[in-house]
Amino acid sequence: MYDWLVVGAGFAGSVLAERLANGRGERVLLIDRRTHIGGNAYDHYDEAGILIHRYGPHIFHTNSKQIFDHLSQFTNWRKYEHRVLANIEGQLLPVPINLDTVNRLYGLSLTSEELATFFAQRAEHVDEIRTSEDVVISQVGRDLYEKFFKGYTRKQWGVDPSELDKSVTSRVPTRTCRDDRYFTDVYQYMPSAGYTRMFERMLSSSNIDISLGVDYKDVREKVGNARTIFTGPIDEFFDFRFGKLPYRSLRFDHQNFADEWLQPVAVINYPMSEDYTRVTEYKHLTGQRHPSTSVTYEYPSADGDPYYPIPRPENAALYKRYEALANAEKDVWFAGRLATYRYYNMDQVVGQALATFRRINEALPKSVAFQAVAE
Ligand code: FAD
Ligand code: UDP
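Now for a look at the structure at hand. (Residues numbered from 1 in each chain as written. Chains lettered and ligands numbered in written order. Predicted model: local features only at pLDDT ≥ 70, side-chain atom pairs only at ≥ 80, totals over all residues. Heavy atoms only, no water.)

Before going further, it helps to examine the site of ligand 2. Taken together, 15 residues surround ligand 2, and among them Thr153, Arg171, Tyr182, Tyr308 and Tyr343 come closest. Measuring from an oxygen atom of ligand 2, one finds a backbone N or O atom of Phe149 at 3.2 Å. Between ligand 2 and the protein, one listed contact pairs an oxygen atom with a side-chain N or O atom of Tyr182 at 2.6 Å. Residues belonging to the shell around ligand 2 are distributed by class as follows: 10 nonpolar, three polar and two charged. (Near = heavy atom within 4 Å. Polar contact = N/O pair within 3.5 Å; in protein donor to acceptor, adjacent residues only side chain to side chain. Nonpolar A, V, L, I, M, F, W, Y, C, P; charged D, E, K, R; others polar.)

Written out as structure tokens, the structure is:
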């Protein structure tokens, strides 16, 4: 008999399974309908022997010492600072937009102060910044918006930036300096033996049983009184009672090339051309040495596995209705990107899972088994 059923072996489910097993000494059955652990962060060696990410590039970054320390129990780290270039009319330019981006794009030699003036002269006044278009045009003006953001965002999300919440393009800053790192977080690392190895260590407790290739709907009736952590799509949990919550999907085209390297950095974005949004070359991320190279092309799509909640006001309103149902469930806790319909990075999901664990501890007295161990 189990104390808990945890649905989904991604960051949300695995962090919680570990805490319940080792923090409360309770028995956990962890299921996932996929045939592997790790959720979207799953990595594996491809046929050529190169470590790749099945669901697109995952780069760990956080400002939280607590979250970094928590994961450090299960992995060593490789220092890695992410850099991205955008292919703009054949030129490879740094993203986020910075001093070098503008100088190279327009053939200028501005200083940082001059660039601030350049932006101010082109920025459009927006009364209230609501959308993803507002964010960019109010900072850098229309030409840079159209080159770097408009096409990419329409491809990625299937809607115009003017119809997406400001939070989407706000993820990418604008800089007047030459810093070309994609993230500025204090902790920027990759797990040195990969994500899947980190998950294996996290889930190694004898209190955790893992069943893969198992869907929640097939065990829902059978689990008896076990409490549940649900990390799948929240609308699916409630049988789409209020209609489907939109999630954006991706198709990943994984390729291996005989050349040692294909691109100068890990990720190249294609805001103005191609059907794919970006190409990732994994050896830059992992530090692996290999005579050939493996890359992934990302093609956004409306159909397929849910990867991204789509931040729009009407979707947030629909989510709120499902959230009210979730709050009324006595023995089910909802966590993770799909179950809380939040465009969260890995570190935020870890933080949310640890907060959920604290709430569980407040709501539930520790089990008899744990008390016995503690004594
Ligand atoms: P998931 O990883 O989606 O795990 C949920 C699991 O639940 C899945 O394995 C699913 O199969 C399972 N499941 C769902 N429903 C059921 C069911 N009914 N029965 C059984 N199992 C079920 N974050 C970063 O910090 N840095 C990055 O660079 C980054 N890059 C990303 C790139 C892409 C292309 C994507 C899509 C995401 C990226 N993220 C990144 C975000 C990151 O993937 C998520 O924050 C994190 O993986 C979410 O973890 P989760 O456990 O909430 O969800
Ligand atoms: N974006 C863009 N052009 C770029 C990079 C990002 O338009 O070159 C926009 C796009 O809407 C994207 C969002 O900014 O979905 C967030 O980018 P991020 O790299 O954080 O996306 P993720 O890695 O989560 O897919």
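Here the narrative resumes, following the displayed structure.
Right, let's talk about the pairing of strand β11 (residues 227-230) for a bit. Regular strands place their side chains on alternate faces of the sheet. Alignment of strand β1 (residues 4-7) against β11, held across four bridges, turns out to be parallel. Across the sheet, Leu5 pairs through a bridge with Thr228, a residue of β11. Judged from the three bridges that link them, β11 and strand β17 (residues 332-334) form a sheet pairing that is parallel. Bridging across to β17, Phe230 finds its partner in Phe334. (Pairing = 2+ DSSP bridges. Helix = DSSP H or I, 4+ residues; strand = E, 2+ residues; numbered from the N terminus.)

The next thing to look at is the site of ligand 1. In the vicinity of ligand 1 there are 33 residues, among which Asp32, His58, Ile59, Tyr344 and Met346 approach most closely. One nitrogen or oxygen atom from the main chain of Ala12 is found 2.9 Å from an oxygen atom belonging to ligand 1. Here a nitrogen atom of ligand 1 and a backbone polar atom of Pro57 are 2.9 Å apart. A total of 1,000 Å² of accessible area belongs to ligand 1 in isolation, and the protein chains cover 96% of it. (Areas by Shrake-Rupley, 256 points an atom, 1.4 Å probe, with all protein chains shown as cover.)

Before going further, it helps to spend a moment on the packing of aromatic side chains. For any two aromatic rings, the description comes down to two numbers: the centre-to-centre distance and the angle of the planes. If you walk through the whole model with that rule in mind, you get 31 aromatic pairs. Centre to centre, the rings of Phe238 and Phe334 are 5.8 Å apart; their planes meet at 20°, and the pair counts as stacked. With a gap of 96 residues between them, Phe238 in the loop between α9 (234-237) and β12 (247-257) and Phe334 in strand β17 connect regions that are remote in the sequence. Of the two residues, Phe238 and Phe334, both sit in the buried class. These aromatic residues form a ring-pair network of at least three members: Tyr216, Phe230, Phe237, Phe238, Phe242, Tyr322 and Phe334. Across the ring face of Tyr343, the terminal group of Arg171 is positioned such that the distance to the ring centre comes to 3.9 Å. Sitting above the plane of the Trp261 ring, Lys283 keeps its charged end 4.4 Å from the centroid. (Phe/Tyr/Trp six-rings, centres within 6.5 Å; stacked < 30°, edge-to-face > 60°. Buried < 20%, exposed > 50% of the residue type's maximum accessible area, 1.4 Å probe, protein only. Lys NZ or Arg CZ within 6 Å of the ring centre and 35° of its normal.)

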